[in-house]
Amino acid sequence: DTEKNVLASLDLPAGKALPAEEENYSFGLVSDVHYNYFHSDGTNDDAAAAFPRALAFFKAAGTNLLTATGDYSIYSEEESYASFAQAVADAELLTLCCGGNHEVISGSSVNMYGTDGIWRRYMNAGVYDGTLQGVLNVSDNGHDFVYAIPGTTDSVFVFLDQTHWDDHTSATQHLLDTEQIAWLAD
């Protein structure tokens, strides 16, 4: 929390713990920001107010890296990505993102796999243009990448698509099988 109290603690599996005397960084996680989400009664979830508050919380807690797992919009609207990117820029908090199902949702006018460059224009500042220190590799698809916390040797984050959604359908294609995920987890 903002007072830096421990909210939860989990034991890391044997062999995966960092040396106890060394705190390399702290990171946070958000999901399902959903700009432009309206309930059936017409009320707005108002991500434009809630997301900046979440960013302020993480910034006040001294978070080095914020990760996000997707669903920044409802229908991949450009204005949602622009709003998300502006909130991140205003917070001055390194935020790295994966796509979610709403980035490729059926019926989206724009999706992260499209050729219009919406995703690359607004998301993951510094990753795709090569200016963010710590980016080790970016895949040919332009969305998967590897990031290492600068100054550390064992702190690597892999941002990748687990499922590919075909736009305008509900069909999905799993890009990683159970064995591959188990290998990544080990």
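Enquirer: Before we move on, can you summarise the overall build of the protein with the specific residues and values?
Expert: Helix and strand counts for the protein stand at four helices and eight strands. What you see in the protein, going N to C, is helices and strands ordered as β-α-β-α-β-α-β-β-β-β-β-α. Buried residues in the protein amount to 35% of all 186 residues. For the protein, the share of sequence-separated contacts (at least 6 apart) that also reach a separation of at least 24 residues comes to 61%. Here the protein has roughly 11100 Å² of accessible surface; of this, 51% comes from carbon and sulfur atoms.

Enquirer: How would you explain the side chain of Asn 124 if you had to name every residue and give the values?
Expert: In this fold, Asn 124 is placed in the loop between helix 3 (118-122) and strand 4 (135-138). Asn 124 has contacts with Thr 95, Leu 96, Cys 97, Trp 119 and Phe 145, leaving out every residue within four places of it along the chain.

Enquirer: So what's going on with helix 1 (residues 47-60)? Which residues, and what values?
Expert: Given a rise of 1.5 Å per residue, 14 residues ought to cover 20 Å, and the 19 Å separating the end C-alpha atoms of helix 1 matches this to within 8%. By the burial criterion, the buried members of helix 1 are Ala 47, Phe 51, Leu 55 and Phe 58. All buried residues of helix 1 fall inside an arc of 65° around its axis, so they share one side.

Enquirer: If you had to explain the nonpolar core to someone new, which residues and values would you point to?
Expert: Core analysis: the biggest nonpolar cluster contains 32 residues, and Phe 51, Leu 55, Tyr 72, Phe 84, Leu 96 and Tyr 147 have the highest contact counts within it. Only helix 1, strand 2 (65-68), helix 2 (78-91), strand 3 (95-97), helix 3, strand 5 (145-148) and strand 6 (156-159) provide two or more residues apiece to this core.

Enquirer: Can you lay out the sheet that holds strand 6 for me, pointing to particular residues and giving the numbers?
Expert: A sheet is described by the order of its strands in space; here three strands give the open sequence 4-5-6, paired in antiparallel fashion. Each having just a single partner strand, strand 4 and strand 6 make up the two edges of the open sheet. Across the sheet, the axes of successive neighbouring strands diverge by a mean angle of 10°, strand direction being ignored.

Enquirer: So what's going on with unusual backbone geometry? Residues and values would help.
Expert: The phi angle at Asp 71 is positive, at roughly 65°, despite the residue not being glycine. With respect to the helices and strands, Asp 71 occurs in the loop between strand 2 and helix 2. The residue Asn 124 is not glycine, and still its phi comes out positive at about 60°.

Enquirer: Outline the pattern of salt bridges, supporting the account with residue identities and numerical values.
Expert: All told, the structure shown has one salt bridge when counted by the stated rule. Close ionic contact of Glu 78 with Arg 121 constitutes a salt bridge, the shortest N to O distance being 2.8 Å. Here Glu 78, found in helix 2, pairs with Arg 121, found in helix 3; they are 43 residues apart in sequence, far enough to count as distant. On the basis of relative accessible area, Glu 78 is assigned to the partly exposed category, the value being 31%. Arg 121 gets classed as partly exposed once you look at its relative accessible area, which sits at 48%.

Enquirer: I'd like a description of the sheet that holds strand 2, backed by residues and values.
Expert: Across the sheet, three strands lie side by side as 1-2-3; this open sheet has parallel pairing. A single partner strand is all that each edge strand has here, and the edge strands are strand 1 (27-30) and strand 3. For this sheet, the mean angle separating the axes of adjacent strands, direction not counted, is 25°. Its contacts with the sheet put helix 1 on strand 1, strand 2 and strand 3, and the angle it makes with strand 1 is roughly 165°.

About the cut-offs
Residues numbered from 1 in each chain as written. Predicted model: local features only at pLDDT ≥ 70, side-chain atom pairs only at ≥ 80, totals over all residues. Heavy atoms only, no water. Helix = DSSP H or I, 4+ residues; strand = E, 2+ residues; numbered from the N terminus. Buried < 20%, exposed > 50% of the residue type's maximum accessible area, 1.4 Å probe, protein only. Contact = heavy atoms within 4.5 Å. Areas by Shrake-Rupley, 256 points an atom, 1.4 Å probe, with all protein chains shown as cover. Expected span 1.5 Å × (residues − 1). Arc of directions from axis to C-beta. Core = buried A, V, L, I, M, F, W, Y, C linked by side-chain atoms within 4.5 Å. Pairing = 2+ DSSP bridges. Axes fitted to C-alpha atoms, helices over the stretch in contact; angles between N-to-C directions. Salt bridge = Lys/Arg side-chain N within 4 Å of Asp/Glu carboxyl O.

The quantities given are spatial measurements derived from coordinates; they are silent on function.
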